Amino acid sequence: MTPDDRLAARRVLDDCAAWDNHACMPLRPHDLSFMPQLQRHKAAGFDAVTLNVGFGEQVPQEHLRMLAALRHWVLARPGEYLLLQRAGDVERARATNRLAVGFDIEGANALGGQTSLVQMYYDLGVRWMALAYNRNNDAGGGCQDDDDGLTAFGREVVAEMERVGMLVCLSHTGHRTAREVLALATRPVIFSHSNCAALHAHPRNIPDDLIRACAATGGVVGINGVGIFLGRNDTSSEAYARHVDHVVQQVGPAHVAVALDYVFDLGELDEYMAKMQHTFPPGLGYELGARFVAPEQIEEIVATLLGWGYKSADLEALLGGNLLRLARSVWKEPALA
């Protein structure tokens, strides 16, 4: 990247609200020592980030404890951070040189079979929830399991999420379940952090028909920066940009977003992978070890897309404008506000 490329990319980032819709801090409510690393997002040019508070087989208590810890940490630092509850908070954070921080959940196990928890999570700052995390649960099928489709409970969950204003996410969800949700949905649906199967065949990646069906709801596909999903464990900015571009070629720049899925504590991830090895089938690249596109690469990603002919308006949309559109159209006022 030449100095001119870097300057052009920085201008784009400076002129728009940039939002990373999925990042992963250590899920240890009594140890938030990694949290100051969130400033890496701000330094890289992001104005907002959505943090995971739980996933997979974790139970409601674990999600709630982590959510409480993260909320407390953010609210205790009003000079640097702003709790992301309303669409306008992204611009508020940008105008005051702060980082807006929101929350997400990966998998309906967080509900423990209780749909009323959707409202509670929403009121506490969770703005999207994935229905499954790789494996089947009581809401539907996972992408690395024998997907039997959306369950009756899953239909109740989708309806409650739409009522509350929480975005329904289909990343990590099985493709049959995803198609059934997309057919059922009356509001925009997202693949919060999913890449393109057409570029790299992997159960975690989604085929073009799901990309088109997501866009038809008004939703977005967030591209993650996980090397084994980008292909050949390649975490170069060009590899990332190729997946962004593929979605744009399918459905246009209004239906793609940034969701790096960056894991700040690789040690915790290694421990989890060893413990849960039975849930990660062999031959899918997990044995290669985790590599991620880092927040600091966003400038180079923007420069790459500029070099491919992308216009500033399209880049501003995919960097954050598309997520802001969904926040304005789907989110509702928190009941606890």
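**Thoughts on the packing of helix 12 (residues 298–307) against helix 13 (residues 312–330)**
Argument step 1. Interhelical geometry of helix 12 versus helix 13 gives an angle of 145° and a closest axis separation of 11 Å. In the crossing of helix 12 with helix 13, the sense of the turn from one axis to the other is right-handed. Contact residues: I298, V302, L305 and L306 in helix 12; L315, L318 and L319 in helix 13.
Argument step 2. Partitioning the contact of helix 12 with helix 13 into residue classes produces seven nonpolar, no polar and no charged.

**A few points about empty space enclosed by the protein**
Argument step 1. For the coordinates displayed, the defined rule picks out three cavities of 30 Å³ or more.
Argument step 2. In this structure, the largest cavity occupies an estimated 80 Å³ of space.
Argument step 3. Around the largest cavity sit 13 residues that line it, and W19, N21, R127, W128 and W331 are the ones nearest its centre.
Argument step 4. Secondary structure elements with two or more residues in the lining of the largest cavity: strand 1 (19–24), strand 4 (99–106), strand 5 (126–130) and helix 13.
Argument step 5. Looking at the lining of the largest cavity element by element, the count peaks at three residues for helix 13.
Argument step 6. The space that makes up the second largest cavity amounts to roughly 50 Å³.
Argument step 7. Along the walls of the second largest cavity sit G56, E57, Y133, N134, R135, Y272, M276 and T279, which together make up its complete lining.
Argument step 8. Classifying every residue of the lining of the second largest cavity gives three nonpolar, three polar and two charged.

Reading guide: rules and limits
Residues numbered from 1 in each chain as written. Predicted model: local features only at pLDDT ≥ 70, side-chain atom pairs only at ≥ 80, totals over all residues. Heavy atoms only, no water. Axes fitted to C-alpha atoms, helices over the stretch in contact; angles between N-to-C directions. Helix = DSSP H or I, 4+ residues; strand = E, 2+ residues; numbered from the N terminus. Left-handed = near helix turned anticlockwise from the far one by under 90°. Contact = heavy atoms within 4.5 Å. Nonpolar A, V, L, I, M, F, W, Y, C, P; charged D, E, K, R; others polar. 1 Å grid on protein atoms, 1.4 Å probe; cavity = no way out; pocket = protein on both sides within 12 Å on 5 of 7 lines; lining within 4 Å. Points joined across faces, edges and corners; volume = space filled by probe spheres on them.

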